[in-house]
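# Analysis of the macromolecular model
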Amino acid sequence: MHYNLALIGFGNVARSLAKLLIRKRDLLKAKHDVTFSFTGISTGRHGFAVNPNGLDIEKALELVESGKDIFPLSTFNVQDSLSVIQHSQANIMFENSPVNTQTGQPALDHIRAALNLGMHAITANKGPVVHGYRELTKLAESKGKKFRFESTVLGGAPTFSVMREAFPLAELESFKGIFNATTNIILSRMENEESYEEAVKYCQSIGVAETDPTNDVDGWDAAIKVCALVTVLWDTSLTPQEIKPIGIRGITPEMIAKAKSENKRYKLVCSAEKVNGKIIASVSPQLVDSTSPLFGMMNSSTGVTFRTDVILDYSIALSEKPGLQGGPVETAYGLFADFVNIVKQ
Ligand SMILES: NC(=O)c1ccc[n+]([C@@H]2O[C@H](COP(=O)([O-])OP(=O)(O)OC[C@H]3O[C@@H](n4cnc5c(N)ncnc54)[C@H](OP(=O)(O)O)[C@@H]3O)[C@@H](O)[C@H]2O)c1
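Remember, predicted model here, so these are calculated numbers, not experimental data.

Parsing the chain into structural domains produces domain 1 (2-156 + 328-343) and domain 2 (167-318). Domain 1 puts 10 residues into the contact, and the matching count from domain 2 is 16 residues. For the side of domain 1 that touches domain 2, the residue count by class is 5 nonpolar, 3 polar and 2 charged.

What follows is the structure, encoded as structure tokens:
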């Protein structure tokens, strides 16, 4: 079967996805008899392109990576993402525009439009999951299509699919983890006597923290990931504002040194628990000791432990890696895995 693909957002993640799909092209054909072409691409500042017969993806990558516009590749005069979706004749739309934690827009509208046109929708963007999970899932079901978002939490490590497929009818009681690599790197480096400011600069220099690191250090990125898990796994909507995350700015070198002398360390702990039918969720720096699975997660390592009524503690951990753990390649793999799991059905 041949699939037309639309890429809404063509940044680090979507370009990594395109390269991964190109790399796995022969394997997809051999194992699942699946072929694909890219028929629509949409960006913020690098233009829009549609060709239902297939865009030159190598050229699109080259153009965007050299700061140029992709419009010359287009056979349609498209000026916005919704027109790209509409004219692309895609079977699958990948939504990877920047996250909007407050409203989930414009990604919500992109996914609604794609599902309404009979496409599957796959995203690494947490916004539409937190702000539209129930609606988009219902819409997808009504169209006989899928809405998938494996990469939104823990990069490309299977999290939602594990809970959905490997734990049928298990009741989730709680989860606890480290979801934000930047703050974990900062806290790890502060243990080695680097100042908070130096550690933030380091994260910016390797590309894991943005120029304004607020989203990470004040706990908002971690909080929206907690919300995505709560929203999907308990089918209960929760917004980052309701969590009121506490970030790591208040952790001083003195606190870190004292913790170290007691063989403990600070981690930005993300947790949620169902108590008498109510969800209690939090993001805050906490002291953990060596009995905690979070204790050994250093630098860019992230992970989560789920507690269910049947299997007590089930952990997923991404080990620390030099460079960008949970970065675009891993995230792109989560999108790719969603794609393969949809098309092989
Ligand atoms: N990076 C990661 O490791 C990671 C991990 C998990 C989840 N995610 C999520 O994945 C998504 C993409 O991340 P990224 O790292 O690829 O970001 P990025 O490099 O900033 O790319 C964002 C892309 O979206 C485009 N864009 C901006 N506004 C748009 C709009 N209104 N409509 C359509 N496209 C628009 C940008 O175009 P221009 O560049 O031309 O402005 C760019 O192509 C985000 O939602 C992010 O939270 C990322």
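Attention shifts here to unusual backbone geometry. Look at the link from Q105 to P106: it is a cis peptide, with omega at 0 degrees. Here P106 lies in the loop between β4 (92-95) and α5 (107-116). The residue N299 is not glycine, and still its phi comes out positive at about 50 degrees. For N299, the position within the fold is in the loop between β9 (278-289) and β10 (302-308). Since 17 C-beta atoms lie within 10 Å of it, N299 is described here as partly exposed.

The topology assignment puts L63 in helix α3 (residues 57-65). Of the residues examined, L63 has 22 C-beta atoms within 10 Å and is grouped as buried. Placed 10 residues apart in sequence, L63 and L73 show a C-alpha to C-alpha distance of 9.8 Å.

Right, let's get into the sheet that holds β9. Read from one edge to the other, the open sheet built from 5 strands follows the order β9-β8-β7-β10-β11, with strand pairing classed as antiparallel. Two strands lie at the open edges of the sheet, namely β9 and β11 (313-318), each paired on one side alone. In this sheet, adjacent strand axes meet at a mean angle of 15 degrees when their direction is disregarded. The pairing of strand β8 (residues 264-275) with β9 spans 12 bridges and is antiparallel. Bridge pairing in β9 links K264 to D289.

Cut-off values and rules
- Residues numbered from 1 in each chain as written.
- Predicted model: local features only at pLDDT ≥ 70, side-chain atom pairs only at ≥ 80, totals over all residues.
- Domains from an automatic or database assignment.
- Contact = placed C-beta atoms within 7 Å.
- Nonpolar A, V, L, I, M, F, W, Y, C, P; charged D, E, K, R; others polar.
- Helix = DSSP H or I, 4+ residues; strand = E, 2+ residues; numbered from the N terminus.
- Buried ≥ 20, exposed ≤ 12 C-beta atoms within 10 Å, placed from the backbone.
- Pairing = 2+ DSSP bridges.
- Axes fitted to C-alpha atoms, helices over the stretch in contact; angles between N-to-C directions.

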